[in-house]
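These are the residues of each chain, in order.
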Amino acid sequence: MSKVLVLLHSEQDGSLAKSGLEAVGAAKSLAEGLGGSLVVGVFGGEIASAANAVAGCGAEKILGVAGADFAASRYATDAAAAEAIAKAAGADYIVAPGTMRMNRVLAGVAYRLGGRVDSHVTGLAVEGGAPVVNRWYYRQRMMGRVQRDVRPWVIAIDPGAFAPLTGTEGTASIENVAVALADGSKRTSVEGIVAPAADAQTIRPDADLLFVAGAGWTKKQADGQSHVKEAEETILGFVKGAGASLGSSKSLVDQSGEGEAVLSFLTHLNQVGQTGATPRHPKGLASCCHGEEPHAVGWRFITERRAINLDANCGWAQGKADVLYVADAFAVMKKVNELLTS
Amino acid sequence: MSELQIVVCGGIVPDPLQTLAPQMGPTGPALKNEMMLPAVLDPWAWHSLNEAANLAKKNPGSKVTLVSLGPKAKLQQVMMTMAQKVPFELVALDGPASGFTESAEVAALLAEAIEGIPGLDKSKLLVFGGWESASRGAGTTMQVVGEILGIADQFLAVDQIDVQADGSFKVYERVEGGKHQVSVCAGAPAVLGWATGNLPEPPNNPQIGMMNMRTIMPSLQKAKPTQVKSEGLKFASVEQPQQRRDTKIVKDMPADQIAAEIVEWIRK
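Only a predicted model underlies this, so the values are computations on that prediction, with no experimental measurement involved.

Asks: Can you walk me through the overall build of chain A in this structure?
Replies: If you tally the helices and strands in chain A, you get eight helices and 15 strands. Computed over C-alpha atoms, the radius of gyration of chain A comes to 23 Å, within 12% of the 20 Å expected from 2.2 N^0.38 for 342 residues, which places it in the range of a compact globule. Dimensions along the principal axes, computed over C-alpha positions, put chain A at roughly 70 × 45 × 40 Å. Burial status across chain A gives 59% buried among its 342 residues. For chain A, contacts bridging at least 24 residues in sequence account for 67% of all contacts bridging at least 6. As displayed, chain A has an accessible area near 12,600 Å², and 49% of this comes from carbon and sulfur atoms. Put simply, chain A has 32 plus and 35 minus side-chain charges, and the middle of one group is 4 Å from the middle of the other.

Shown next as structure tokens:
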């Protein structure tokens, strides 16, 4: 009988993130599809709350590694904890949320276990008694359906790709797993997280809307002048008013290295597309963006898409957006901001 | 300052502006006309090479070696361009550059090549590479390279490294929500999978190019033939998304009206 381990980490406050619940849902479906059993494994500084959040998920046991050594996201200690849990579980399949913390260690853990790993998994099914995963290749430009013979098979699922399992709260009975940390495991110390000030934060993974700003915002307008300051105020005003997350085309971010006018709040972290992120949001609004398929992969996981552009034949929008408004984004977005604040 | 031995793992990928289409072959999926497509150094690998060169410049006595796996002819084409940018030595492995290959096998080849670098001193070793690639896009290669080399300090999605006088270094790694986790590592050896970094594109420098080519061409000539069998990996299918949307083009609508429509859509 196949055994599926869902491997989780707790957050700094001891809770379990939504992506963790998504992984539990995916792992439970996989275990049911294989007619197998489910084991939960959690590591982190404090894990009781996280384990309690999934106590009723139907797992045969909950394994845990907790303590100050495992509170911070650090390769050596996280990998040791994950390896110990995986060995204690003896699972054929290990499903985990594809968070940055997990993605840092899963490939190394798979290597230690003699297994293989697939990351950024967006679909998971059982066909003919065997799992099949969907993942994208060449930066979201082609979809592959993958099977593997090697076990354990570590499967990191992309946050937002699966429905979270809910209604599983309870009181967990955690089976503690001992971890022998190797010498040198704590050569790295985590100092903390650096984040923009709350009012300057423009990347919001949980926002309902992604607003993508293209290079057109900094180009010369009808009066022959560029209006960068006005563009900044308009874009930030919208992102704040709509509670949107802000993405940017590569060309707009790259301008900072080319000595051209830039939007001061944009960094490579905002970049979406072929060499940036492909975030998941229910809606997306692109403005002043241009480009063909390689640039437009930033749209891949956006459900409803609209665009504002002066070019009706723009490759960013044609065939990729649901609605393309052929209009001046400055004029439209100013009006939008007025409506949002009225 | 510290003398560092920086090894950059960097593969080649099709030029991002090319149209890509998959096809199934006898050994699995591949890109249609793959050998005809112009190639570039993988964007994130390039960022890491750029950062490596910058770090080496700041730490006199340091050396940068690029280890690259790809078809020899393609590697040569890409190196002609890359050699103009920053100083490095090349260790070339003649093999597939496909995104459909098994990352663990690729990692084993890279690790073996690193172990074979003459004069390798692990106490000074920083292994750089892209955190993901523009081909497989998995972010699963560098960790295995580190595991094989016995390196326990690994960092993923790095945007900045600040090396201190005592050899320790501060690393800024991307985490969710546009933030960075800041860590301090006691020093080499370590593995850093780079995100974009903060450095501008360096201009072409013919002098660097001439210096690099003195070692790059011999390295390409003696590139070791390798195989990536991708054992146990099976593709049920590989296809391009068929999601061309029926775009509604709205022309000649006043800005006020468009704005009202957008706000209604946002609030829906």
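Asks: What am I meant to see in the pairing of strand S8 (residues 125-130) of chain B here?
Replies: The side chains of a regular strand alternate, residue by residue, between the two faces of the sheet. Residue and element names in this part refer to chain B. Within S8, six of the six residues are buried, leaving the element largely enclosed by the surrounding structure. Pairing between S8 and strand S12 (residues 190-194): five bridges, direction parallel. Across the sheet, Phe-128 pairs through a bridge with Leu-192, a residue of S12.

Asks: How should I be thinking about helix H3 (residues 103-115) of chain B in this particular structure?
Replies: In an α-helix there are 3.6 residues to a turn, and that puts residues three or four apart on one side. Residues and elements named next belong to chain B. With 13 residues, H3 extends 18 Å from end C-alpha to end C-alpha; this agrees with the ideal 18 Å at 1.5 Å per step. Of all 13 residues in H3, ten are buried; the element is thus mostly enclosed. One side-chain oxygen at the N-terminal end of H3 lies 3.1 Å from the backbone nitrogen of Ala-104; it belongs to Glu-102.

Asks: How should I be thinking about the pairing of strand S15 (residues 323-326) of chain A in this particular structure?
Replies: Residues A:Val323 and A:Tyr325 of S15(A) are buried on one face, and the alternating residues A:Leu324 and A:Val326, pointing to the opposite face, are buried as well. Two elements, strand S14 (residues 302-309) of chain A and S15(A), share four bridges in a ladder whose sense is parallel. Bridge pairing links A:Ala307 to A:Leu324 in S15(A). Inspection of the sheet shows S15(A) paired to strand S15 (residues 248-250) of chain B by three bridges, in the parallel sense. The residue bridging A:Leu324 from the neighbouring strand is B:Ile249, located in S15(B).

Asks: Help me out: how do you make sense of the packing of helix H3 (residues 75-89) of chain A against helix H4 (residues 100-113) of chain A in this one?
Replies: In helix packing, the relevant descriptors are the interaxial angle and the interaxial distance, both defined with respect to the helix axes. All names here are of chain A. Axis separation between H3 and H4 bottoms out at 9 Å; the angle between their running directions is 55°. In terms of their interaxial angle, H3 and H4 are classed as oblique. With respect to the hand of their crossing, H3 and H4 are arranged in right-handed fashion. Mapping the contact onto sequence places Tyr-75, Asp-78, Ala-79, Ala-80, Ala-82, Glu-83, Ala-86 and Lys-87 in H3 and Arg-101, Arg-104, Val-105, Gly-108, Val-109, Arg-112 and Leu-113 in H4. Grouping the constituent residues of the contact of H3 with H4 by class yields eight nonpolar, one polar and six charged.

Asks: I would appreciate a short explanation of the packing of aromatic side chains in the present structure.
Replies: Two measures describe an aromatic ring pair: the distance that separates the ring centres and the angle between the ring planes. What the rule picks out here adds up to ten aromatic pairs over all chains. Residues A:Tyr93 and A:Trp153 carry aromatic rings whose centres are separated by 6.5 Å and whose planes lie at 50° to one another, so their mutual orientation is tilted. Remark: A:Trp153 occurs in strand S8 (residues 153-157) and A:Tyr93 occurs in strand S4 (residues 93-97); sequence separation between them is 60 residues. Each member of the pair, A:Tyr93 as well as A:Trp153, is classed as buried. Consider the rings of A:Tyr137 and B:Phe100, whose centres lie 4.9 Å apart with planes at 45°: the pair is tilted. You can see A:Tyr137 sitting in strand S6 (residues 130-137) and its partner B:Phe100 sitting in the loop between strand S7 (89-94) and H3, one on each of two chains. Each of the two residues, A:Tyr137 as well as B:Phe100, counts as buried.

The rules behind each value
Residues numbered from 1 in each chain as written. Chains lettered and ligands numbered in written order. Predicted model: local features only at pLDDT ≥ 70, side-chain atom pairs only at ≥ 80, totals over all residues. Heavy atoms only, no water. Helix = DSSP H or I, 4+ residues; strand = E, 2+ residues; numbered from the N terminus. Rg over C-alpha atoms; globule rule 2.2 N^0.38 Å. Buried < 20%, exposed > 50% of the residue type's maximum accessible area, 1.4 Å probe, protein only. Contact = heavy atoms within 4.5 Å. Areas by Shrake-Rupley, 256 points an atom, 1.4 Å probe, with all protein chains shown as cover. Lys, Arg positive; Asp, Glu negative; His and termini not counted. Charge placed at Lys NZ, Arg CZ, Asp CG, Glu CD. Pairing = 2+ DSSP bridges. Expected span 1.5 Å × (residues − 1). Polar contact = N/O pair within 3.5 Å; in protein donor to acceptor, adjacent residues only side chain to side chain. Axes fitted to C-alpha atoms, helices over the stretch in contact; angles between N-to-C directions. Parallel < 35°, antiparallel > 145°, perpendicular 65-115°, else oblique. Left-handed = near helix turned anticlockwise from the far one by under 90°. Nonpolar A, V, L, I, M, F, W, Y, C, P; charged D, E, K, R; others polar. Phe/Tyr/Trp six-rings, centres within 6.5 Å; stacked < 30°, edge-to-face > 60°.

Everything listed is a geometric property; what it means functionally is a separate question.
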